[in-house]
Amino acid sequence: MPELPEVETIVRELRPRLVGRTVTRPRLHATDVLRGVSRGRLLATLRTNRIVEVARRAKHVVLRLASGHRVVIQPRMTGSLIVYGRRLRPDERRYIVLEASLGGQRVLVFRDVRRLGTVWLLDEAGWRSYTARIGPEPLAADFDLARFAACLRGTRQAIKKVLMDQRRIAGVGNIYANEALYRARVDPSLPADQLSPRARRRLHAAVLSVLREAVAHRGTTLRDYRTGTGEHGEHQTALAVYGRGGEPCLRCGTRLTTTHAIDGRATTFCYRCQGRT
DNA sequence: ACGAGGTCCTGCGAGC
DNA sequence: TGCTCGCAGGACCTCG
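What you see is a predicted model, and the numbers here were worked out from it, not measured in a lab.

What follows concerns the overall build of chain A. Across its full length, chain A holds 8 helices and 11 strands. The C-alpha radius of gyration computed for chain A amounts to 20 Å, which stays within 12% of the reference 19 Å derived for 277 residues, consistent with globular compactness. Taken along the three principal axes of its C-alpha coordinates, chain A extends 55 × 40 × 30 Å. Expressed as a percentage of the 277 residues in chain A, the buried residues total 52%. A total of about 12,700 Å² of accessible surface is found on chain A, and carbon and sulfur atoms cover 48% of it. Separation of charge centres in chain A, based on 51 positive and 25 negative side chains, amounts to 2 Å.

Dropping the structure here:
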């Protein structure tokens, strides 16, 4: 499930393969992924347009075109964005949502088994309002403790839910919220406005270090996630809590607990290490 | 402001 | 073996 580190990995691999290329032949195989744009307008805009920038915002891949439009793709749960330099095998063609031929054999493919992913086409004004609704980037140089504290201010919601709220902080999903809370020894159910200054400082550091390590590992592949070149990430073996419910805590040996009490999503934590502080 | 629950979507594994 | 069912869950929605 692509979160910030996975999308960052995708973008880093797509960038040198896409920037400067012109879309010769766009094809759309499913229309239910489109948001705010018709099939005809998306294809007409892509055709003969040049990709001038590939960027990440939160968990979204942003392709800026020479026309000034941006194609924004959210892979969500099962989406992948891969550049191929060869013809695809029939099994690789399954679940393709959008493909953009780029001349020669090169083709950008957006594949999404469950089609929970979305594709937007935005002009300059549309992009400004789109990005304005998303919180700050946690890996940006200016995301210091004060900015993090501001993200948590004014809500009594569980800290885990707040970490995953894209309007407050960009790019953190279920896996890395679990991991960061464990690393910081913070109770996931603690109301966000009740974190002590020390706990807030630990959590700020943990969010940054967890995300940076996952980026260095090119993301976490549990099932569907692939990098921009179709490879697996390597961070899954480094997870301390996600998917480890019932197994021993790496710090104290206590059996890790999994609940669905926070927003109905799997939360795995150590009852002993992550007490209320 | 908040929590609960529904919606989208398909593959997979558990249970019978 | 073959069927049904619940779950995976990010982002969005409505309702109370």
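Don't stop here, the text continues.
Under the defined criterion, the tally for this structure stands at 21 salt bridges. Between arginine 89 and glutamate 92 there is a salt bridge, and its shortest N-O distance comes to 3.3 Å. Among the salt bridges present, the one from glutamate 231 reaches arginine 218, with a minimum N-O distance of 2.7 Å. In this pair, glutamate 231 is assigned in the loop between α8 (197–216) and β10 (257–259) and arginine 218 in the loop between α8 and β10, connecting sequence segments 13 residues apart. A relative accessible area of 21% places arginine 218 in the partly exposed class.

Spatially, β2-β9-β5-β4-β3 is the arrangement adopted by the 5 strands of the open sheet, whose pairing is mixed. Each of the sheet's edge strands pairs with one partner strand only, and the pair in question is β2 (34–35) and β3 (51–57). As paired strands, strand β4 (residues 60–65) and strand β5 (residues 70–74) are joined by 4 bridges and run antiparallel to one another. When the sheet's bridge partners are listed, valine 61 is paired in β5 with isoleucine 73. On top of the sheet, helix α1 (residues 4–18) reaches β3 and β4; it is set at about 170° to β3, its chief contact.

About the thresholds
Residues numbered from 1 in each chain as written. Chains lettered and ligands numbered in written order. Predicted model: local features only at pLDDT ≥ 70, side-chain atom pairs only at ≥ 80, totals over all residues. Heavy atoms only, no water. Helix = DSSP H or I, 4+ residues; strand = E, 2+ residues; numbered from the N terminus. Rg over C-alpha atoms; globule rule 2.2 N^0.38 Å. Buried < 20%, exposed > 50% of the residue type's maximum accessible area, 1.4 Å probe, protein only. Areas by Shrake-Rupley, 256 points an atom, 1.4 Å probe, with all protein chains shown as cover. Lys, Arg positive; Asp, Glu negative; His and termini not counted. Charge placed at Lys NZ, Arg CZ, Asp CG, Glu CD. Salt bridge = Lys/Arg side-chain N within 4 Å of Asp/Glu carboxyl O. Pairing = 2+ DSSP bridges. Contact = heavy atoms within 4.5 Å. Axes fitted to C-alpha atoms, helices over the stretch in contact; angles between N-to-C directions.

This is a description of form; function is not addressed.
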